[in-house]
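Architecture at a glance
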Amino acid sequence: QGKLVESGGALVQAGGSLRLSCAASGSIFSINAMGWYRQVSGKQRELVAGITRGGSTNYAASVKGRFTISRDNAKYTVVYLQMNSPKPEDAAIYYCTANISSSAGRRLYWGQGTQVTVSS
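Within each chain, residue numbers correspond to sequence positions counted from 1 in written order. Local features in a predicted model are, by the rule used here, given only for residues with pLDDT of at least 70; side-chain atom pairs are given and counted only at 80 or more, and totals for whole chains, interfaces and linings are based on all residues. The basis for every side-chain value is the complete set of non-hydrogen atoms in the structure, without hydrogens or water.

**Comments concerning the pattern of salt bridges**
Between side chains of opposite charge, pairing is possible as soon as their charged atoms come close. By definition, a salt bridge exists where a carboxyl oxygen of Asp or Glu is found within 4 Å of a side-chain nitrogen of Lys or Arg. This structure, assessed with the given rule, holds three salt bridges. The residue Glu-46 makes a salt bridge to Arg-38 at a minimum N-O spacing of 2.6 Å. Classification of Arg-38 by relative accessible area gives buried; the value is 5%. Two residues, Asp-90 and Arg-66, come together in a salt bridge whose shortest N-O distance is 2.7 Å. With Asp-90 in the loop between strand S8 (78-84) and strand S9 (92-102) and Arg-66 in the loop between strand S6 (57-59) and strand S7 (67-71), this pair connects stretches of sequence that are 24 residues apart. For Arg-66, a relative accessible area of 12% translates into the label buried. Because the salt bridges share partners, they merge into one network encompassing Arg-38, Glu-46, Arg-66 and Asp-90. A 1.4 Å probe rolled over the protein chains alone gives each residue an accessible area, and that area as a share of the maximum for its type sets the label: buried under 20%, exposed over 50%, partly exposed in between. Starting at the N terminus, helices and strands are each numbered in turn, a helix being any DSSP run of H or I of at least four residues and a strand any DSSP run of E of at least two.

Given below as structure tokens:
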């Protein structure tokens, strides 16, 4: 089984910066793609950014050029989301995801979420 734990959510001023982290743990054989989603109350969860094992990245149009997703390649079990120049509309609960192969098979895992609040 795998497990994802996010950290770094906080209150940040618009135009500032914030870095979210997500660490995978458990009986992990391998991790393929990892990513970040976000959700605002009453709205659907949306993809923010994703990164493959090979390092290819993709971003939502709304965050491209401001947010950067990266992985700790030494461990390949940690993913980051660097949020630069956040806007009030970036406020949400941010969830980490990872496609993990473990003793329980391969499946998509979700973290518990971390709250990001952006003050204007």
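**Structural notes on the sheet that holds S7**
Two strands are said to pair when DSSP picks up at least two bridges between them. One open sheet accounts for four strands, arranged S1-S3-S8-S7; its pairing is antiparallel. In this open sheet, the two strands that pair with only one neighbour each are strand S1 (2-7) and S7. Strand-to-strand twist in this sheet, taken as the mean axis angle between neighbours without regard to direction, amounts to 15°. The pairing of strand S3 (residues 17-26) with S8 spans seven bridges and is antiparallel. From the neighbouring strand, Ser-17 faces S8, where its bridge partner is Asn-84. Note on method: axes are straight lines fitted to C-alpha atoms, helices fitted across the in-contact stretch only, with angles between N-to-C directions ranging 0 to 180 degrees.

**A short note on the pairing of strand S4 (residues 28-39)**
Here S4 runs beside S9; their pairing, made up of nine bridges, is antiparallel. Bridge assignment links Ser-30 to a residue of S9, and that residue is Ser-101. Inspection of the sheet shows S4 paired to strand S5 (residues 46-51) by five bridges, in the antiparallel sense. Along S5, the bridge assignment pairs Gly-35 with Gly-50.

**Considering unusual backbone geometry**
Unlike most non-glycine residues, Ser-85 shows phi in positive territory, near 50°. For Ser-85, the position within the fold is in the loop between S8 and S9.

**Remarks on the nonpolar core**
Within soluble globular proteins, side chains that are nonpolar tend to cluster in buried spots. Only buried residues count toward a nonpolar core, which is a set of Ala, Val, Leu, Ile, Met, Phe, Trp, Tyr and Cys residues joined through side-chain atoms within 4.5 Å. Among the nonpolar cores identified, the biggest contains 28 residues, and Trp-36, Leu-81 and Tyr-94 are the most heavily contacted of them. When contributions to this core are tallied by element, the ones reaching two or more residues are S3, S4, S5, S7, S8, S9 and strand S11 (114-119). It is S9 that contributes the most residues to this core, five residues altogether. Whether two residues touch is decided by their heavy atoms; if any such pair falls within 4.5 Å, the residues are in contact. Ignoring sequence-local partners within four residues, the contact set of Leu-81 consists of Leu-18, Arg-19, Leu-20, Trp-36, Val-48, Ala-49, Phe-67, Thr-68, Ile-69 and Tyr-94.

**So, the packing of aromatic side chains**
Any Phe, Tyr or Trp ring, taking Trp's six-membered ring, that has another such ring centre within 6.5 Å forms a pair; planes under 30 degrees apart are called stacked, those over 60 apart edge-to-face, and the others tilted. Per the stated rule, a full pass over the model turns up one aromatic pair. The residue whose ring lies beneath Arg-19 is Tyr-80, and the NZ or CZ to ring-centre distance is 4.1 Å. The ring of Trp-110 carries the charged tip of Arg-45 above its face, separated from the ring centre by 4.7 Å. We count a charge as sitting over a ring when the NZ of a lysine or the CZ of an arginine lies within 6 Å of the ring centre and within 35 degrees of the ring normal.

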